[in-house]
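What follows is the residue order along each chain.
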Amino acid sequence: MGLTNTPSDLLPGTLELLILKTLVSGAKHGYGIVEHLRLTSDDVLRVGESALYPALQRLLFNGWVKAEWGTSENNRRARYYTLTAAGRKQLAAERAEFDRMIGAIQRVLGTT
Amino acid sequence: MKTLFQRLLYLLRWSRQGADLREEIETHRSLRQEALERDGLGADDAAHASRRAIGNVPLAIEDSREVWAMRALDHMRQDVRDAVRGLRKSPGFAFVTIATLALGIGANTALFSIFNSLLIRPLPVRDPGHLALLNDGQWSYPVWQELSARADDLFDGAFAWSAQSFDLTEGGRPVPVDGAYVSGRFFDVLGVPAVRGRMLTPADDSAAPPNGLVAVVSHRFWRQHLGGADDVVGRQLTVLIQRQRFPFTVVGVMPSGFDGVDVGRVADVLLPFAAEPLLQGRDSALSIVGKSWLEIMVRLKPGQTIERANAALRGVQSQIRDAVLPGLRASPAFAARYLTDPLTLAPAASGASGLRRTFATPLFAMVVAVGLVLLVACANIASLLLARALARRGELSVRLALGGTRWRLARLLFLESFLVATIGAALGLLFARWGSALLVRQLGTWERTVSLDLTLDWRVLVFTATLACLCAISAGIAPMFAMKSVAPGEALKSAGRAIAGDRRFAVRGALVVAQIAISFVLVIAAGLFLRTFESLSQLPLGFVPEPLVVVDVSLSASGVPPEERGARVERLLEAAVASGVRSASLSQRRLLTGGGWSSNNEVAVGDRPMLPEDRQRRVWRNATTPGWFETMGIPLRAGRDFSDRDRVGTPPVAIVNEAFVRRYLPGQQPIGQTLRLDSEDSPRYEIVGVAADAVYTTPRQGMLPTMWVALAQRDPREWSAWRNVVLTVKAAPGQRALVERDVAAALTMADPTLVFTSGTFDEMLVATMTQERLVAMMSGFFGALALLLAGLGLYGIVVQAVNARRTEIGLRMALGAPATGIVRLVFRRVGVLIAAGLVLGLAGSWWAARFVAPLLFQVEARDPMTFSGTAAVLVAVGVLAAWVPARRAARLDPATVLREG
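Because the structure is predicted, anything quoted here is derived from the model rather than measured.

The secondary structure content of chain B amounts to 26 helices and 22 strands. Residues classed as buried in chain B amount to 40% of the 901 residues present. Residue pairs at least 24 apart in sequence account for 83% of intrachain contacts in chain B once pairs closer than 6 positions are excluded.

Written as structure tokens, this is what we have:
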């Protein structure tokens, strides 16, 4: 699809994969996604908003997630993102592709 | 499809999305801030830190939105690039289709923009839908005054105007300017604001205007004659009337786009009616009840229908009539019927126009004709696109085989026709601007300048865009049929093995039949209009126009009192004769203006009683000096011409024409009879001569009963009603330009302030048939164009059919079929198409004939000669279109063909 990812420390396309994975456990708003990523990665993955929101828009655009307005913990309007069926399928496909890629990278790094 | 829709939705809600994102990110920030506060930071520090962490919000929003915009553009760009590439691969096809559409759409747009500006476009005033025009024709000022006094009760106000031509002095020279007298509330009721200064007010139109003589000028006049100066208010305009100069103070400038309410005629200088008596002095028409010279419009009250307005108006009609009747100087018969026809208002949102009456029907006919031409053109393009799609079946099959969806393929093919239509429409707009200006110039004649506002307003643009879309759809549907026969892998099979009866040809066949049918209708129309024009131009005029030069001398613009004008024009005639012309004479009226001077009723011959007014049976009149019949080349059948002895004081004499004798004195000796007309106190004119018939108004009207009186016998007091007199000069062959110049010089020498225009009679003759000539010219052009397109369409399908059946034809020839047999084979199929097209076209023309009948002259709308001639022409074109490919087929070498297979 030739996605133009905004600069991040991740491999291209990885942020989308992580967001999709994060949403498997249920609907979250943007801050929730960032926090979930930070906590589950032991503070390694700190996603900036300038990368997160364009990525969410790309997911929306492709129909992999959908967004609904709701109320946040501090009683503000917040958009909650949920995974769609197409998103689940995409997650599976990207995950396989990611595994293949990581395997390949490790094999390259493993050779002396 | 869904994503496309989503994208569009997204793009439409562009600003909304930005706000949403901003809010979303703000929520995000506040959540972070709270988390930081929980970690023990102070509120301010937490807010600050959270804001720093979040970074550049606008950039994040911009990036997020770009995701959508870029994608949408990307896809669009890719499709367009594919379509452009496809077209560039076949420049011939692209050129032909784009040129055809540019011409077709351009011609349609040109006609529509004229149609729009003449008939549809509302006046640029406040709420034009509530304006209504008092029908039919013109009214006198006393009638207007009575109506105006009641207008505010009956309606939301009313106004009157009268189109005029004023002579302004600019650097000492008289310059004629189109303008109008308007009533005081003209601008107020119309709702037209001033762009500089103020508009005219009721105070300006009163007997004692507070600011003296004031004028309002058009935006164009301000720009062109007053240099667009900001200090225009307060400047002086000098109106020259009867050798006197009247200074008018400019009080305001009208907004651009507003040229008055007469469509097709521009009013550059507007003066209040109150100025008229000052300018015209004793010639003033303001108080004359019987002089109809102004037009009246009213503004309906909100919610008031035309019917209710009419009822209200008719309620006061008798009051108006009673109020003005005492001032009417007319025969009792005329007075009895004066203002008794019920007054009628008509919606006038788009203004008033005499042009409209003349050109509405022919213009509509032409709009229909040009629409049909576009239809034929679209059929051709559809046919071409279809052939192209069929020829590209190989490529399309490969695309399908490689996983392209049918939807994607269809979109590609459709985008191609859409692209062609869009480029065609853009070029067509350029063509239309040029074409419509050209056409409008054709509408004008030397005595009437037509000026229509042809700016491309939204109506024209919507019309053109709709046309382009319709073209794209109608032409783009056809290739879809080709899609059905495309299947993956077919590229490997096929190639030249098709045999007769292929379904794909059915579509193109149907298109060709439609083309032939439409061309038939258009060629019939062209034939009928050409024959109309021919019969009109071959109509005997009854006089010889070729050697004539006509000079229109304005009497009102010179300062000679009415009683002395008779002597003055005779001096002018002497001056003209002295310049060495073969023959020169004066008349009160010029022939072939479409109108003239007529009696109100029939003529009473001898002692017969006067009949009541009947405009249908009126007698046309003219007044001439001796020698006019000789100058015009109208022979005298009996009696004598006027002589120098026929002067005021001698018994009134008249000359009548043969049509007059046929109506009033059949089988009698006209010479010596007497006649009276218009009123009981009419003098008795003695008929001294009978002239041959000559056309008076227009050739279409034929020979009308006419009587001439001696110019020198006219009551000097009557000269006040005359605005001009016509000097007709006969020139030697080839000398007309020279004579025109010499006469002009002689007249100027005799009277340096004289205002006149001159031209040759031929020019006027051409002008009388403007409408017929235009219609004949344009329908001829459209007919020929449609014929050409249909011929090309037929040729294309025959070529393709022959190519597709090469193998079959080769086989037949190898088996011994003679060349004539092959030709017959091709022709049999073409014949069916032509025959079907002719039958459809015949039926269509038969049905449509009644609509063109009113435009025809001396030609039946179902003229058998035109019908059979058109059929012959179409068959000839069809045979020609089929003959070339058929011959080529018959010359095929069977061996080569079979080896290819």
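Okay, back to it.
For the rest of this paragraph, the subject is the overall build of chain A. Looking only at helices and strands, one finds four helices and two strands in chain A. From first element to last, N terminus to C terminus, chain A shows the α and β order α-α-α-β-β-α. Counted over contacts in chain A with a minimum sequence separation of 6, partners at least 24 positions apart contribute 47%.

Below, the discussion takes up the interface of chain A and chain B. Tallying the contact residues gives 18 residues for chain A and 20 residues for chain B. Of all elements in the fold, only helix H2 (30–40), helix H3 (49–61) and strand S2 (77–83) of chain A reach the threshold of two or more residues within the side of chain A that touches chain B. Looking at the side of chain A that touches chain B element by element, the count peaks at seven residues for H3 of chain A.

Among the residues of helix H13 (residues 393–401) of chain B, those classed as buried are Leu396, Ser397 and Leu400 of chain B. Buried residues in H13 of chain B, looked at end-on, bunch into an arc of 100°, giving them a common side.

Let's shift gears to the confidence of the model for chain B. Residues and elements named next belong to chain B. For chain B, the average pLDDT comes to 82, and 89% of its residues sit at 70 or higher. Every residue in residues 495–501 scores below 50 in pLDDT, and together they form 12 contacts with partners more than four places removed in sequence or on other chains. Complex prediction metrics read pTM 0.67 and ipTM 0.82.

All names here are of chain B. When the terminal C-alpha atoms of helix H6 (residues 141–154) are compared, their 19 Å separation across 14 residues agrees well with the 20 Å that a helix rising 1.5 Å per residue should span. Considering bend angle alone, the principal kink of H6 is centred on serine 148 and spans about 30°. Every buried residue of H6 is accounted for by Tyr141, Pro142, Val143, Trp144, Leu147, Ser148, Ala151 and Leu154. Where H6 is buried, its residues touch strand S2 (158–170), strand S9 (295–299) and helix H10 (306–324).

We now examine the pairing of strand S1 (residues 131–135) of chain B. Residues and elements named next belong to chain B. Of the pairings in the sheet, the one linking S1 to S9 comprises three bridges and is antiparallel in character. Bridge pairing in S9 links leucine 133 to methionine 297. Across four bridges, S1 lies against strand S10 (residues 344–347) in antiparallel orientation. Of the residues in S10, the one forming a bridge with leucine 133 is alanine 346.

Let us now look at the packing of helix H1 (residues 14–23) of chain A against helix H4 (residues 85–110) of chain A. All names here are of chain A. Axis separation between H1 and H4 bottoms out at 10 Å; the angle between their running directions is 130°. Between H1 and H4, the angle is such that the two are oblique. In terms of crossing hand, the pair formed by H1 and H4 is left-handed. Packed against H1, whose contacting residues are Leu17, Leu20 and Lys21, the element H4 presents Gly87, Gln90, Leu91, Glu94, Arg95 and Phe98 at the interface. In terms of residue class, the contact of H1 with H4 is made up of four nonpolar, two polar and three charged.

On to unusual backbone geometry. Residue and element names in this part refer to chain A. We note that aspartate 43 has phi near 70°; this positive angle belongs to a residue other than glycine. Tracing the backbone shows aspartate 43 in the loop between H2 and H3. Overall, aspartate 43 belongs to the exposed group, with 9 C-beta atoms counted inside 10 Å.

Attention now moves to the nonpolar core. All names here are of chain B. Counting residues in each nonpolar core, the largest one holds 178 residues, and the members touching the most others are Ala215, Val373, Val376, Leu522, Ala786, Leu794 and Val798. Examining the composition of this core, we find that 23 residues originate from one element, helix H12 (residues 354–391), more than from any other. Built from parts of two domains, this core gets at least three residues from each of domain 2 (128–349) and domain 3 (357–537 + 770–900). Other than its neighbours up to four places away in sequence, leucine 522 contacts Ala369, Leu372, Val373, Phe782, Gly783 and Ala786.

Of the residues in chain A, 88% reach a pLDDT of 70 or more, and the chain-wide mean stands at 83. Confidence drops under a pLDDT of 50 for residues 1–8 of chain A, and excluding neighbours within four residues, the segment shows 11 contacts in the predicted structure.

A few words now on the pairing of S9 of chain B. All names here are of chain B. Most of S9 is tucked away, with five of its five residues classed as buried. With burial as the criterion, each face of S9 is covered, one bearing Glu295, Met297 and Arg299 and the other bearing Ile296 and Val298. Bridge count for S2 against S9 is four bridges, and the pairing is antiparallel. Residue pairing for S9: phenylalanine 159 is matched across the bridge by methionine 297.

Residue and element names in this part refer to chain B. Here aspartate 205 is to be found in the loop between strand S4 (196–197) and strand S5 (214–217). With 20 C-beta atoms counted inside 10 Å, the residue aspartate 205 sits in the buried group. Counting along the chain gives 66 residues from aspartate 205 to leucine 271, while the straight-line C-alpha distance between them is 8.7 Å. Beyond its immediate chain neighbours, meaning those up to four positions away, aspartate 205 contacts Ser183, Gly184, Leu200, Pro272, Phe273 and Ala274.

Residues and elements named next belong to chain B. Relative to the assigned elements, valine 324 resides in helix H10. Under the C-beta neighbour-count criterion, valine 324 is labelled buried, with 21 such atoms within 10 Å. Setting aside residues no more than four positions away along its own chain, valine 324 makes contact with Pro142, Val143, Glu146 and Val289.

The next point concerns the packing of H1 of chain A against H2 of chain A. Angle between the axes and distance between the axes are the two parameters that describe a pair of packed helices. Residue and element names in this part refer to chain A. Packing of H1 against H2 brings their axes to within 10 Å, and their N-to-C directions diverge by 100°. In terms of their interaxial angle, H1 and H2 are classed as roughly perpendicular. Residue-level inspection shows Leu18, Ile19 and Thr22 of H1 in contact with H2, the latter providing Ile33, His36 and Leu37.

Let's shift gears to the environment of glutamate 26 of chain B. All names here are of chain B. Secondary-structure assignment places glutamate 26 in helix H2 (residues 14–38). C-beta crowding within 10 Å serves as the criterion here: with 15 such atoms nearby, glutamate 26 is assigned to the partly exposed category. For glutamate 26 and valine 57, which are 31 residues apart along the polypeptide, the C-alpha to C-alpha distance reads 9.0 Å.

Procedures and definitions
Residues numbered from 1 in each chain as written. Chains lettered and ligands numbered in written order. Predicted model: local features only at pLDDT ≥ 70, side-chain atom pairs only at ≥ 80, totals over all residues. Helix = DSSP H or I, 4+ residues; strand = E, 2+ residues; numbered from the N terminus. Buried ≥ 20, exposed ≤ 12 C-beta atoms within 10 Å, placed from the backbone. Contact = placed C-beta atoms within 7 Å. Arc of directions from axis to C-beta. pLDDT = per-residue confidence, 0-100. Expected span 1.5 Å × (residues − 1). Bend = angle between axes of the 7 residues up to and from the residue. Pairing = 2+ DSSP bridges. Axes fitted to C-alpha atoms, helices over the stretch in contact; angles between N-to-C directions. Parallel < 35°, antiparallel > 145°, perpendicular 65-115°, else oblique. Left-handed = near helix turned anticlockwise from the far one by under 90°. Nonpolar A, V, L, I, M, F, W, Y, C, P; charged D, E, K, R; others polar. Core = buried A, V, L, I, M, F, W, Y, C linked by C-beta atoms within 7 Å. Domains from an automatic or database assignment.

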